[in-house]
Amino acid sequence: MSDTHDHHDGDDDHELRVSKIRSGTVIDHVRGGQALNVLAILGIDGSEGEEVSVGMNVPSDRLARKDIVKVEGRELSQDEVDVLSLIAPDATINIVRDYEVIEKHRVEPPEIVAGVLSCPNAGCITTSGEPVSSRFEVLEDGVRCDYCGTIVRDEIAGLIDT
Amino acid sequence: MRHDHLITSKQLTRGDIETILDRAAEIDADPSAVADRHTNTLLGLLFFEPSTRTKMSFETAMKRLGGDVVDMGSVESSSVKKGETLADTVRVIEGYTDALVLRHPKQGAAKMASEYVDVPLLNAGDGAGHHPTQTMLDLYTIRENAGLDDLTIGIMGDLKYGRTVHSLAHALTNFDVRQHFVSPESLRLPREVVYDLHQADDGAGIREHESLEEILPELDVLYVTRIQRERFPDEQEYQKVAGEYQIGPETLEAAGDDLTIMHPLPRVDEIDPAIDETDHAAYFDQAHNGVPVRMALLDLLLSDDGATDRIGGAADE
Ligand SMILES: [Zn+2]
């Protein structure tokens, strides 16, 4: 499917279902059903009083169904965007100030994610109380532990070390 | 870039492997020539999991090079019992020795440990992970018996948990080898290993089977591993498969005259002792080859006279 729709903001109608934000980040084109995992990556559970709007399974030209997460008063760090890219590889990040999108970019998967995910292999040295932080190589369709070689494809969000 | 540590067979190129095997052959032919090559060299043996044979083989190798070993002893008698981390242990013992050999029950242990030390570290088995020195002696034995190119090898038994199998299969992708994997459905190669093999070899030379019969006549080498009873949920399941993966004289009727049979040992009942006296049996030679191969590896990793560079050339992992 062509990217043209993006530039025309063809999804705008649907986005109105969740309120506009004043300043912060809109994470758009998240794969349908992944919004709560996006929040988990950002460490947002509402307990800090964060102002967040979430749209789930909204019709989208590009993804058929997409999720949208709008976070008031927060701009994402590169680390956060990196991990986000693993579960939402099509996501677009819009930085908003005074109701204007001042920056818009696609996520790009990093080559390595370090210290963010924990290895699901109970036999892995990184889960054994050693002073070593996890490191995963990012594959086309998953991630792979640099230490034990375990490949995770579907449940990446569940590995997020929070 | 040269290798400072030997963590996995994946880090070795064909050139590296040939360098190691050639050096082992030189040493094998004339061990006395290297008898004082590493005097005053101390090798630290850190075995967090018992393995008498691998440990003795390293010990013999170091002593035959003129060096000596210090041994952490059993885990029960060491500070590990008091909760010391592996990262701390290797940093302490590194101060006593010129190189370390590590056997540990956790996958990735050797890789992590190597990040904490400057002396060469050799992985002697990390859980279900890697066992590269075993792989080198397997390759040495295969090369002696059947060569390493235009070869058809069957690897049979517990392919799921067998780290020696995973290491060997990966190393073989460097050569012109067709690999046939024979196992019960429940003990097939882990998908991760298959993924790696396909990455390394386009998967062209890899086939999986449940029955040995289909491919036995084609094989130059049959590498047998033990199927462990305890891997099976119940005894009946085990009995169903066990017999199918045992080699006896009648099995070999369908095999080529030059078939070489290997086994990393210890065996239980996978290979009938009647095979031992035949020309097919290479498993005791295979075990003996551990010493010259480990001598070669230690020599290459410990030498600062340029020998080390001969194991180089490959991009480090
Ligand atoms: Zn791991």
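As the structure is a prediction and not an experimental result, all values here were calculated from the model. In this convention, every chain numbers its residues from 1, walking through the sequence in written order. The naming scheme follows written order: chains are lettered A onward, ligands numbered 1 onward. Predicted model: local features are reported for residues with pLDDT of at least 70 only, side-chain atom pairs are reported and counted for 80 or more only, and whole-chain, interface and lining totals are derived from all residues. Derived side-chain values reflect all non-hydrogen atoms in the structure, with water molecules and hydrogen atoms excluded from consideration.

S.K.: What exactly am I supposed to notice about the sheet that holds strand E7 (residues 206-209) of chain B here?
M.R.: All names here are of chain B. Between any two strands, pairing holds if DSSP finds at least two bridges. Think of it this way: any DSSP run of H or I at least four residues long counts as a helix, any run of E at least two long counts as a strand, and we number them from the N terminus. What the five strands build is an open sheet, ordered E7-E6-E5-E8-E9; its pairing is parallel. Of all the strands in the sheet, just E7 and strand E9 (260-262) have a single pairing partner and so form its edges. On average, each strand axis in the sheet is tilted by 20° relative to the strand beside it, whichever way the strands run. As defined by bridge partners, strand E5 (residues 151-156) adjoins strand E8 (residues 221-224) across four bridges and the pair is classed as parallel. Bridging across to E8, Ile153 finds its partner in Val221. Fitted lines through C-alpha atoms serve as axes, helices being fitted only where they are in contact, and the angles separating the N-to-C directions of these axes extend from 0 to 180 degrees.

S.K.: Can you help me understand the coordination of the zinc ion in this one?
M.R.: Each donor-metal-donor angle would ideally measure 109.5 degrees in four-coordinate tetrahedral geometry, or 90 or 180 degrees in six-coordinate octahedral geometry. Residue and element names in this part refer to chain A. Shown as donors are all N, O and S atoms within 2.8 Å of a metal ion, widened to 3.2 Å for Na, K and Ca; because water is not in the atom set, sites may appear incomplete. Those donors, Cys119 (SG), Cys124 (SG), Cys145 (SG) and Cys148 (SG), are the protein atoms that reach the zinc ion, and they lie 2.3 Å from it. In the primary sequence, the donor residues of the zinc ion line up as C-x4-C-x20-C-x2-C. Of this pair, Cys124 sits in the loop between strand E6 (112-114) and strand E7 (135-139) while Cys148 is found in the loop between strand E8 (142-145) and strand E9 (151-152), placing the two residues 24 residues apart along the sequence. Between buried and exposed lies partly exposed: a residue is buried under 20% and exposed over 50% of the maximum accessible area for its type, with that area taken using a 1.4 Å probe on protein chains only. Judged by its relative accessible area of 0%, Cys124 falls in the buried class.

S.K.: Please explain the interface of chain A and chain B as it appears in this structure.
M.R.: One frequently used descriptor of interface size is the decrease in accessible area upon assembly of the parts. Contacts: residue pairs with any heavy atoms within 4.5 Å of one another. Listed as interface residues are 20 residues of chain A and, on the opposing side, 16 residues of chain B. When two components associate, each loses some accessible surface as probed by a 1.4 Å sphere; the sum of these losses over both components is called the buried area. Together, the buried faces of chain A and chain B total about 1400 Å²; carbon and sulfur atoms form 48% of this surface. Counting the surface chain A buries against chain B, the share from its top three residues, Ile125(A), Glu130(A) and Tyr147(A), is 34%. A carboxyl oxygen of Asp or Glu within 4 Å of a side-chain nitrogen of Lys or Arg is what we treat as a salt bridge. The interface formed by chain A and chain B contains two salt bridges. The shortest N-O distance in the salt bridge between Glu115(B) and Arg135(A) comes to 3.2 Å. Identification of polar contacts relies on pairs of N or O atoms within 3.5 Å, with a donor-acceptor requirement for protein atoms, meaning one able to donate a hydrogen and the other able to accept it, and with residues adjacent in sequence counted only if both atoms are side-chain atoms. Run the count over chain A and chain B and you get 12 residue pairs in polar contact (both at pLDDT 80 or more). Residue polarity follows a fixed list, in which Ala, Val, Leu, Ile, Met, Phe, Trp, Tyr, Cys and Pro are nonpolar, Asp, Glu, Lys and Arg are charged, and the others, Gly among them, are polar. Partitioning the side of chain A that touches chain B into residue classes produces nine nonpolar, six polar and five charged.

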